[in-house]
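One letter stands for each residue in the lines below.
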Amino acid sequence: MNSRARASVLAFSALALLACAGCAASAQPPPPLSSDAAIAAAERAELPRDWADWNHAFAPFNVIGDIYYVGPRGIGIYLITTPAGHILLDGGFAQSAPQVEANIQALGFRVSDIKFLLNTHAHIDHAGGLARLKRDSGAMMLASAGDAPALEAGRVSAGPTAEMPYPAVRVDRIMGDGESVRLGGVTLTAHMTPGHTPGCTSWTMTTRDASGAARSVFFTCSETVAGQSLAPESYPGVVEAYRATFARVATMQADVFLGPHGNFFDLEGKRARQLAGDANAFVDPTELQRFNVEMQRQFEQELARQQAARR
């Protein structure tokens, strides 16, 4: 089946899901793999100091158009709203999930109206809260083939967080490169941008700015090395994967650049400008490429350092 056909199947599945909102419980997506007790225990666990700082409360707000920031201060989590239900991108730590749900409700939306959960990558700080969010929303969990095994195992197999488990979440559908999920007039398209994880997935969509103009949006997975071993490779082909991602992103354009960590796109500075009256504070058509160039520079520098250390 080609990518266009797969995208059509996914779009049809979204319509079918909505049409069957009143069906019996057996027609709903399967529950998360983790038990309620395991989810609760993970939420009670103490976070390391740096991660606890990322998880500090941050008031939810409308970024632009139908996109809302609902994550804690240091972890980007986004609610995309539609008349037919909502899409949630990423879940933060297990300890983030209660805050995410409270933020969604504070904005006047219902967790139960989330129809799809998406993921950028399967690290603990972006996937730890997905099991609770799936349980409480009944949403379908969509993820890449490269990261789905980690999500269902509740841990990644390589990198600095390999020994850090989190509540496992069942993946209901595998998203391929270029496939889209459509809901209520919104289309999000998956772009495989591996390196940071084998299935690292960036997402694109179109929304409207304060003037009503159409704006392209790029939700980056992550292009950071962030403690990955490049020499030796933390997983086979990691160096080639990073370089292929840098080359691919170099061909892309976006008016709005958002990411899984606020420091990637100056979350707090832009929010301050927005509060001061700049309705389009998050619009910057040059930011994606600036970020891509800087991440490639840092990657090559770190690769050279690690290779030299092995000699």
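Quick caveat, the model's predicted, so the values are computed rather than measured.

Thresholds applied
- Sequence positions are assigned chain by chain, starting from 1 and proceeding in written order.
- Residues qualify for local features only when their pLDDT is at least 70, as the model is predicted, and side-chain atom pairs are given and counted only at 80 or more; totals for whole chains, interfaces and linings, by contrast, use all residues.
- Hydrogen atoms and water are omitted, and side-chain values are computed over all heavy atoms in the structure.
- In this description a helix means any DSSP run of H or I spanning at least four residues, a strand means any run of E spanning at least two, and both kinds are numbered starting from the N terminus.
- Every radius of gyration here is taken over C-alpha atoms, with the globule rule written as 2.2 Å times N^0.38, N being the number of residues.
- Throughout this description, buried means an accessible area under 20% of the type-specific maximum (1.4 Å probe, protein chains only), exposed means over 50%, and partly exposed covers the range between.
- We call two residues in contact when some of their heavy atoms are within 4.5 Å.
- The method behind every accessible area is Shrake-Rupley, applied with a 1.4 Å probe, and residues are considered shielded solely by the protein chains displayed.
- Each Phe, Tyr or Trp ring, with Trp reduced to its six-membered ring, pairs with another whose centre is within 6.5 Å; inter-plane angles below 30 degrees give stacked pairs, above 60 give edge-to-face pairs, and intermediate values give tilted ones.
- Should DSSP find at least two bridges between two strands, the strands are regarded as paired.
- Here a crossover is taken to be right-handed if, once the strands point away from the viewer, the path from the first strand over the helix to the second is traced clockwise.

Participant: Give a description of the overall build of the protein chain that names residues and reports values.
Facilitator: Secondary structure summary: the protein chain contains ten helices and twelve strands in total. In terms of overall size, the protein chain behaves like a compact globule, its C-alpha atoms giving a radius of gyration of 19 Å where 311 residues would be expected to give roughly 19 Å. Dimensions of the protein chain along its principal axes, counting C-alpha atoms only, are 65 × 45 × 45 Å. Split into buried and exposed, the 311 residues of the protein chain put 54% on the buried side. A sequence separation of at least 24 residues applies to 66% of the contacts in the protein chain between residues at least 6 apart. A total of about 13000 Å² of accessible surface is found on the protein chain, and carbon and sulfur atoms cover 53% of it.

Participant: Please set out the packing of aromatic side chains residue by residue, giving values where relevant.
Facilitator: Under the criterion given, the structure shown has 14 aromatic pairs. When the centroid spacing of 5.1 Å and the interplanar angle of 65° are considered together, the rings of Tyr 68 and Phe 109 count as edge-to-face. Here Tyr 68, found in strand S2 (residues 67–69), pairs with Phe 109, found in the loop between helix H4 (97–106) and strand S5 (114–118); they are 41 residues apart in sequence, far enough to count as distant. Here Phe 109 falls in the buried class, since its relative accessible area comes to 19%. Ring-pair connections join several aromatic residues into one group, and the members of that group are Phe 58, Phe 61, Tyr 69, Tyr 78, Phe 219, Phe 265 and Phe 282.

Participant: Can you tell me about the pairing of strand S6 (residues 140–144), naming the residues and giving the values?
Facilitator: Sheet faces and side chains relate simply in a regular strand, where the side chains alternate between the two faces. Burial runs high along S6: five of the five residues are buried. By the alternation rule, side chains of S6 split into Met 140, Leu 142 and Ser 144 and Met 141 and Ala 143, which are all buried. As defined by bridge partners, S6 adjoins strand S7 (residues 173–175) across three bridges and the pair is classed as parallel. Within S7, the residue paired with Ser 144 across the bridge is Met 175. Handedness of the crossover joining S6 and S7 through helix H7 (residues 148–153) is recorded here as right-handed.

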